[in-house]
Amino acid sequence: MLAIDGMVTAYGSVEVLHSVSLAAKAGEITCVMGRNGVGKTTLLRSIMGQLRTKAGSVRLKDQDLSRAPAHLRARAGIALVPQGREIFPKLTVRENLEIAFSARGSIDQAAVEAGMTMFPILKEFAKRNGGDLSGGQQQQLAIARALVGKPSVLLLDEPTEGIQPNIIEEIGRVLQRLAGEGMAIVLVEQYLEFVKAIGHRFAIMDRGAIVAEGGTDGLTPEVVGKWLSV
Ligand SMILES: Nc1ncnc2c1ncn2[C@@H]1O[C@H](COP(=O)(O)OP(=O)(O)OP(=O)(O)O)[C@@H](O)[C@H]1O
Ligand SMILES: [Mg+2]
């Protein structure tokens, strides 16, 4: 579904991704792990086209998106749930979902409704301001917002960060269902138990490179100890 090959990204003259290759299959949750600052967010933003890459390719099915700007990648079916959620605090829950259509001219109300049905609390709080939701509810809103455009590839950047366990479980169930329906999911995550519970494949990054990968049953104490323990 999604294939990244030889991706190189730099901030100014400082290279942060050194030829990263990663594949995400439809129907699978591919987990990208790694300690703080190794380049996980840079990778997702490079895939989304929010950062300019110096080398490498991004392909979605048979489309080459390597040079496509972010809005065309979104239109091709890639969506990103950013780290820190980045919802609009002064807009209502419904408006936060509707804004996903701001570049398209007309709002698909059925998709907005579907987004709110995915996490029932959003429907209940449709008229509340995003900023008045709990951190976990804001994360659910950010996920719903990414889904209203009906992506085929969903990128999530540490969705469990600072969130209460019952909402993590609910998010996990939704991601499993989406994968079950054929979506390709790339989950950047530092919470090991969440990865083990819902992930199919893992890739561990260290200092801008992938250093280990495989099925999540390969996340042995040795692998975890070497690359993930702090
Ligand atoms: N806008 C930026 N300008 C310059 N350097 C940056 C910028 N954003 C990130 N970096 C650097 O690039 C490296 C990778 O950062 P990145 O945010 O991708 O890591 P991460 O794995 O997502 O970390 P975390 O787990 O803390 O979210 C770090 O050394 C970071 O300091
Ligand atoms: Mg990050």
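An account of the accompanying structure is given in this report. (Residues numbered from 1 in each chain as written. Chains lettered and ligands numbered in written order. Predicted model: local features only at pLDDT ≥ 70, side-chain atom pairs only at ≥ 80, totals over all residues.)

1. Re the overall build of the chain
Helix and strand counts for the chain stand at 9 helices and 10 strands. For 230 residues, the compact-globule estimate of 2.2 N^0.38 gives 17 Å, and the chain sits close to it at 17 Å. Oriented by its inertia axes, the alpha-carbon framework of the chain measures out at about 45 × 40 × 35 Å. Among the 230 residues that make up the chain, the fraction classed as buried is 41%. (Helix = DSSP H or I, 4+ residues; strand = E, 2+ residues; numbered from the N terminus. Rg over C-alpha atoms; globule rule 2.2 N^0.38 Å. Buried ≥ 20, exposed ≤ 12 C-beta atoms within 10 Å, placed from the backbone.)

2. Focus: the nonpolar core
Formed by 64 residues in total, the largest nonpolar core has its most connected members in A144, V153, L155 and I185. Broken down by element, this core gets its largest block of residues, 6 residues, from helix α6 (residues 135-147). Look past the residues within four positions of V153 in its chain and what remains in contact with it is M1, L2, A24, L60, G77, I78, A184 and V186. (Core = buried A, V, L, I, M, F, W, Y, C linked by C-beta atoms within 7 Å. Contact = placed C-beta atoms within 7 Å.)

3. Digging into the site of ligand 1
Contacts to ligand 1 come from Y11, V16, G34, N36, G37, V38, G39, K40, T41, T42 and Q83. Residue composition of the shell around ligand 1, by class: 3 nonpolar, 7 polar and 1 charged. (Near = placed C-beta within 6 Å. Nonpolar A, V, L, I, M, F, W, Y, C, P; charged D, E, K, R; others polar.)

4. Re the pairing of strand β1 (residues 2-11)
In this sheet, strand β2 (residues 14-24) lies alongside β1 in antiparallel orientation, the contact comprising 7 bridges. In the strand pairing of β2, T9 is matched with L17. What sits between the antiparallel neighbours β1 and β2 is a turn of 2 residues, in which G12 has the positive phi angle 60°. When β1 meets strand β4 (residues 53-60), the two strands line up antiparallel, connected through 6 bridges. Counted as the bridge partner of D5 is S57 from β4. (Pairing = 2+ DSSP bridges.)

5. Section: helix α7 (residues 165-180)
With 16 residues, α7 should cover 22 Å at 1.5 Å per step; its first-to-last C-alpha distance of 22 Å lies within 8% of that length. Among all positions of α7, only I168, I171, L175 and A179 are buried. Mapping the buried residues of α7 onto a view down its axis gives an arc of 75°, with all of them on the same face. Exposed residues pointing more than 90 degrees away from the buried face of α7 are listed as N166, R173, R177 and G180. At the C-terminal side of α7, G182 shows a positive phi close to 110°. (Expected span 1.5 Å × (residues − 1). Arc of directions from axis to C-beta.)

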